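# Descriptive structure summary
The primary structure of each chain is shown beneath.
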Amino acid sequence: MISQRYLVPLLAVLTAVVLAHSPAHSSERFALAGDDVRIWNLAGRTVIESAPGEQVIVLVERGGADAAKLRIATDAVGGHPALRVLYGKDRVVYADRTLRFGSTSSVHIRADGTWGGDGPRKDWWKGMGRRVTVSNKGFGMQAYADLHVQVPKGRRVSVYTVAGAATLTNVDGRILFDGGATDVTANGCAGALSVDIGSGSVSVNKFDGDLLVDTGSGSVSLTDVAGATLSVDTGSGDVKGSQLAAREILVDTGSGSVELAAVHASSLKVDTGSGSVGVSLLSSRCALEVDTGSGSVRIQVPPTFAAEVHIETGSGGIRTDLPMTVLETDRDLLRARIGSGGAKLHVDTGSGAVALMAAR
């Protein structure tokens, strides 16, 4: 039996252990009415999901040793309903396992705690803003806020963050996610989605609508995407896609391979500074343009494909097994007509072989 003399200290120790392993803060709930909602948060994970109702609901869960120092502001910004998580320090430490060790991102914040977008244009170099850094190590304010954003159908929501992964599930609306160092995953969404991040991977699966992906560095993966416009722009990173259907598809990468399979498109343009390109078309007529500084190009087309063909390579051969009317040919040049022609197929590579083949 434990004597009463030791019982009180023991209970105190056990209580401290329980408190240390319990959540420090419960979720705070904010309702934002309107069709164009803006959200700013420097650090933390973001979950965006579909929800019934008329208002956008934001659940905020604070974390970190300095979580109590965070302030939440919900006054309108530029006439739009808005939520801002205010940190009040110029250096924030967010030690999240999804961030690469030593990851550091910076942003210039306006006086009202916003950045990016079309908020009040107070130029930081004129003394109307400040530079804030978010890192996953070192000294600074140890705080973050995880956001759970519930979006009714058809709403427009813009989320601005600097560090922290984002997940979108079954959202049907007009969504902008603007981040620094982060990975973004979207599943089963529709409407219009714009993802603009500094670094990190982007994965979109089962999307119906207009899609824009812009990343400074990081891979992009797209599966089962259908809409009017599909645009991918990455400074460096591989782009992979399958089951893509759009009137216009644009893929631009500074360096990295591009692999697109089962593509339905009226217009498809691929531009890469360096990296191989592989395209498998399902469309009988598609204005296809491929331009790569260095890298091989492989194109597969259906038996009913018809186009005016112009292929040119600085170094590397040209190979084809398609029946065509040859207009001009050389080791590094091919001009021809496939079927009745009409659409344009243009390939230009600085160095690398080109293969134009029938789909197997």
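The structure this text deals with has already been given above.
In what follows, the accompanying structure is described.

Conventions and cut-offs
- Residues numbered from 1 in each chain as written.
- Predicted model: local features only at pLDDT ≥ 70, side-chain atom pairs only at ≥ 80, totals over all residues.
- Heavy atoms only, no water.
- Helix = DSSP H or I, 4+ residues; strand = E, 2+ residues; numbered from the N terminus.
- Buried < 20%, exposed > 50% of the residue type's maximum accessible area, 1.4 Å probe, protein only.
- Contact = heavy atoms within 4.5 Å.
- Areas by Shrake-Rupley, 256 points an atom, 1.4 Å probe, with all protein chains shown as cover.
- Pairing = 2+ DSSP bridges.

## What about the overall build of the chain?
A tally of regular secondary structure across the chain gives 1 helix and 29 strands. Within the span of the chain, comprising 360 residues, buried residues form 44% of the whole. Restricting to contacts in the chain with at least 6 residues of sequence separation, those with at least 24 account for 46%. Surface summary for the chain: the accessible area is close to 16700 Å², and the carbon and sulfur share equals 52%.

## Digging into unusual backbone geometry
Phi at Asn170 is positive, roughly 55°, even though this residue is not glycine. Within the element layout of this structure, Asn170 appears in the loop between β13 (166-169) and β14 (172-181). The phi angle at Asp224 is positive, at roughly 55°, despite the residue not being glycine. Judged by relative accessible area, which is 28%, Asp224 ranks as partly exposed.

## Regarding the sheet that holds strand β7 (residues 91-93)
Strand pairing in a sheet is mediated by backbone hydrogen bonds. Such pairs are either parallel or antiparallel. Strand order in the open sheet formed by 4 strands is β8-β9-β7-β10, and the pairing between neighbours is mixed. One side of each edge strand has no neighbouring strand; the edge strands of this open sheet are β8 (104-110) and β10 (141-142). As defined by bridge partners, β7 adjoins β10 across 2 bridges and the pair is classed as parallel. The residue of β10 that forms the bridge with Val93 is Gln142.

## A few points about the environment of Gln243
Secondary-structure assignment places Gln243 in strand β19 (residues 239-255). Taking the C-alpha atoms as reference, Gln243 lies 8.4 Å from Leu222; in sequence the two are 21 residues apart. The contact partners of Gln243, leaving out residues within four places of it in the chain, are Thr223, Asp224, Val225, Ala261 and Ala262.

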